[in-house]
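# A structural walkthrough
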Amino acid sequence: MLKNLLSFSAVGLLPYLINFLILPLYSEHISPEEFGIVGLLMSAVIIASSWTGLQFSSALSRYFFDYEGEQLKVFTSTVLFSVIVVSLLFCSIYSALIYFGLFSRFFEGISAGVMYISVFLVFLSILNTVFERLLINEQLGHIVLIRSILSQLLSVCVGMYLILYCDMSYVGFLISSVVYYSCLVLFSLKYCRHYLVNSYNVHYAGLAAKYSIPLILHALGGVLFMYSTTFFIESFLTLSLVGLFFIVDKFTQILKAIVNSINNVLMPIYNRRAKIKPGGGVEFIESILPAWFLFINILIINFSAVAQSFMITYMGSEYEGLLFLILILSLAYLFRGLYCFCMAPIFFHKRTSLVPKITLATGILSLPINYLLVSRFGFTGAALAVFSVFFVNFLLSLSASKTVEVINFNFKYLALMMAVVTCINSPVFFLVNSGFLTVLITCIMQSIVTILIVYRFNLFNVRKSLDSLRAYQ
């Protein structure tokens, strides 16, 4: 479990850690306005990806453990072939719309060639998701890590050459993203080829479609509430602020990567426990929740200080005064993790009809929330909007999960734990202008002190929570 956790976390963190290194370098050649263009295009790619593959890859997570041997190979081959055909169809439609200039009003000033690159990114990202689901189900964390490292290295080399030497600005950034996803897909073929056979089963395709198509609205609602803020900033503020928000979001998504990586390790264990024993999955979540909550809270506070200090030290004075923005965006991913726990019973019991209702409701509610907060409070309102929407999403998922299986979160304990962790770790906020190394060392030390205090006195049953992990292998 620890090996896979470290591997998946490293995979999730790698792109964002590299951003720590290259964004200061790129910022000398790419203006905030051009970063804003990248932010708009990447948001469009993610939004389009929500329906382009019809969410067929989601079926791999649920049905992977229901088949074995040749049956499993036929099922995975059927899903992959379906994804390729459907994705190519949608991407052809996007390309035709670009050719006839129907997207020009949404992406004013962006050339058709750049938009074609974005369409190719949509196709590659969907293929990568399919292969990633297979590797995650097998818990091959080390393989996922190796492919990510190799792909990132090649992508960074191409990006630095195109941006620094060829002066291709944000276009070079997008091309390096194409190189990254292409490498991921090609590398994955080597380790997933044994799942691919020359066979297609209409029955399996029907099962996958029945499970996955309702998730399109789920994915659409999800990207709507996660990325609509970018378009509201562009509408009410300026493109340069879109670029600034894009950079801050890139940094804070390190926490999103960690939360998702932990979820990639925990959910297969949940599915196995729920399969073995009725209620075993919920019992697992309740036992590991205190340790998870402690770790995430410590990480959020200290990461926010480190990120702000890094921006001030290495990216210039225009990135000063973003601590509150970083902290609020980071806290949003705490509710993302709690949302994942709430959704586990819903997905396991195949109640996917509930999923789009939750995310679509969140997406619809995100529109007035973004409008009110961004129009009234500007850049700060954008961060508050993201936080508020994630919180609403968690509340809706919590309410829905109670209709399937009740998870006892013990919110009084969690709130008290958050207060204790905040008190011990907040002094670093007064040091963000004292130099990056000073802030980093302070964060490491106070994190260690917090863990030692909580574990030594067994506060909030954290010791029991950590010890219980040994039972789940």
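Calculation rules
Residues numbered from 1 in each chain as written. Predicted model: local features only at pLDDT ≥ 70, side-chain atom pairs only at ≥ 80, totals over all residues. Heavy atoms only, no water. Helix = DSSP H or I, 4+ residues; strand = E, 2+ residues; numbered from the N terminus. Expected span 1.5 Å × (residues − 1). Bend = angle between axes of the 7 residues up to and from the residue. Buried < 20%, exposed > 50% of the residue type's maximum accessible area, 1.4 Å probe, protein only. Phe/Tyr/Trp six-rings, centres within 6.5 Å; stacked < 30°, edge-to-face > 60°. Lys NZ or Arg CZ within 6 Å of the ring centre and 35° of its normal. Polar contact = N/O pair within 3.5 Å; in protein donor to acceptor, adjacent residues only side chain to side chain. Contact = heavy atoms within 4.5 Å. pLDDT = per-residue confidence, 0-100. Axes fitted to C-alpha atoms, helices over the stretch in contact; angles between N-to-C directions. Left-handed = near helix turned anticlockwise from the far one by under 90°. Parallel < 35°, antiparallel > 145°, perpendicular 65-115°, else oblique. Nonpolar A, V, L, I, M, F, W, Y, C, P; charged D, E, K, R; others polar. Core = buried A, V, L, I, M, F, W, Y, C linked by side-chain atoms within 4.5 Å.

An ideal rise of 1.5 Å per residue puts 52 Å on 36 residues; helix H11 (residues 280-315) measures up with 48 Å between its terminal C-alpha atoms. Of all bends in H11, the biggest is about 45°, found at Leu289, and the proline Pro290 comes one to four residues later. Among the 36 residues of H11, 29 are classified as buried, and the element is accordingly described as predominantly covered.

Quick look at the packing of aromatic side chains now. Tallied over the full model, the rule gives 16 aromatic pairs. When the centroid spacing of 5.1 Å and the interplanar angle of 75° are considered together, the rings of Trp292 and Phe341 count as edge-to-face. One end of the pair, Trp292, is in helix H11; the other, Phe341, is in helix H12 (residues 323-348), and 49 residues separate them in sequence. The residues Trp292 and Phe341 share a single accessibility class, namely buried. For the ring pair Phe335 and Phe387, a centre distance of 5.6 Å and an interplane angle of 75° mean the geometry is edge-to-face. Here Phe387 lies in helix H13 (residues 354-401) and Phe335 lies in helix H12, a separation of 52 residues in the sequence. Since its relative accessible area comes to 23%, Phe387 is described here as partly exposed. Three or more aromatic residues joined by ring pairs make a cluster, and in this case those are Phe335, Phe387, Phe391, Phe394, Phe409 and Phe411. Geometry around Phe457 places Arg456 over its ring, the cationic atom sitting 5.6 Å from the centre.

As a further point, take the side chain of Ser447. Looking at the element boundaries, Ser447 is found in helix H15 (residues 436-456). Here the side chain of Ser447 touches Asn302 through a polar contact of 3.1 Å, side chain to side chain. When residues no more than four places from it in sequence are discounted, the contact partners of Ser447 are Ile298, Asn302 and Asn425.

Our next topic: the confidence of the model for the protein chain. On average, the protein chain scores 80 in pLDDT, and the residues at 70 or more come to 84%. No element of the protein chain has a lower mean pLDDT than helix H1 (residues 2-26), which averages 63, and none a higher one than H15, which averages 91.

With that settled, the discussion passes to the packing of helix H4 (residues 69-99) against helix H8 (residues 202-212). Contact geometry of H4 with H8 gives a least axis separation of 9 Å together with a crossing angle of 65°. Handedness of the crossing formed by H4 with H8: right-handed. Two secondary-structure elements touch here, H4 through Gln71, Val74, Phe75, Thr78, Val79 and Ser82 and H8 through Tyr204, Ala205 and Ala208.

Glancing now at the packing of H11 against H12. It is the contact of H11 with H12, at a shortest axis distance of 9 Å, that shows an interaxial angle of 160°. Here H11 is positioned roughly antiparallel relative to H12, judged by the angle of their axes. Of the two possible hands of crossing, H11 and H12 adopt the one that is right-handed. Broken down by class, the residue content of the contact of H11 with H12 amounts to 21 nonpolar, five polar and no charged.

Here we come to the nonpolar core. The biggest cluster of nonpolar side chains holds 137 residues, and the ones touching the most others in it are Tyr270, Trp292, Leu322, Phe341 and Phe409. Non-local contacts of Phe409, meaning those with residues more than four positions away in its chain, are made with Leu289, Leu338, Phe341, Cys342, Leu398 and Leu414.

Once that is clear, we can look at H4. Between its first and last C-alpha, H4 extends 45 Å over 31 residues, near the 45 Å set by a 1.5 Å rise per residue. Gly101 lies just past H4 and shows a positive phi near 75°.

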